[in-house]
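Residues per chain, in single letters:
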Amino acid sequence: MLRHELQPGKLVAGTVLVVAGVLYAGDAGGAWQTPWFVAIPLVTGGLCLAGVVALLTGLARRRR
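Residues numbered from 1 in each chain as written. Predicted model: local features only at pLDDT ≥ 70, side-chain atom pairs only at ≥ 80, totals over all residues. Heavy atoms only, no water.

Caption draft 1: Expanded view of the packing of helix H1 (residues 8-29) against helix H2 (residues 39-63). Look at H1 against H2: their axes get within 7 Å of each other, and the N-to-C directions meet at 165°. Accordingly, the angle class assigned to the pair H1 and H2 is roughly antiparallel. Considering how the two elements wind past one another, H1 and H2 form a crossing that is right-handed. Residue-level contacts link Pro8, Gly9, Val12, Ala13, Val16, Leu17, Val19, Ala20, Leu23 and Tyr24 of H1 to Ala39, Leu42, Val43, Gly46, Leu47, Leu49, Ala50, Val53, Ala54 and Thr57 of H2. Taken together, the residues that form the contact of H1 with H2 break down as 17 nonpolar, 3 polar and no charged. (Axes fitted to C-alpha atoms, helices over the stretch in contact; angles between N-to-C directions. Helix = DSSP H or I, 4+ residues; strand = E, 2+ residues; numbered from the N terminus. Parallel < 35°, antiparallel > 145°, perpendicular 65-115°, else oblique. Left-handed = near helix turned anticlockwise from the far one by under 90°. Contact = heavy atoms within 4.5 Å. Nonpolar A, V, L, I, M, F, W, Y, C, P; charged D, E, K, R; others polar.)

Next comes the structure, spelled out in structure tokens:
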């Protein structure tokens, strides 16, 4: 198996988008109520956090 380098920014972005999907899937299935405006700060904040993590990872790798 080929090894690839770990990219934590993509991991954070994927996790946040999966959480948003699960929230709305639970809402669609009737398990709970999720307001429509929850997705905007969740996705925006998650993508900003992923960008910061990717920036810090790039700086750490460049230093080594």
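Caption draft 2: Layout of the packing of aromatic side chains. Going through the model one piece at a time under the given rule, you end up with 1 aromatic pair. Aromatic pair Trp36 and Phe37: ring centres 5.7 Å apart, planes at 90°, arrangement edge-to-face. Take Trp36: its relative accessible area is 65%, and that puts it in the exposed class. (Phe/Tyr/Trp six-rings, centres within 6.5 Å; stacked < 30°, edge-to-face > 60°. Buried < 20%, exposed > 50% of the residue type's maximum accessible area, 1.4 Å probe, protein only.)

Caption draft 3: The side chain of Thr34, seen in detail. Residue placement: Thr34 occurs in the loop between H1 and H2. Accessibility expressed as a relative area gives 11% for Thr34, which makes it buried. Among the polar contacts listed, one links the side chain of Thr34 to the backbone oxygen of Leu23, at a separation of 3.4 Å. Within the local environment of Thr34, its side chain forms a polar contact with the side chain of Trp32, the two groups lying 3.2 Å apart. Those residues in contact with Thr34 that sit more than four places away from it in its chain are Leu23, Tyr24 and Asp27. (Polar contact = N/O pair within 3.5 Å; in protein donor to acceptor, adjacent residues only side chain to side chain.)

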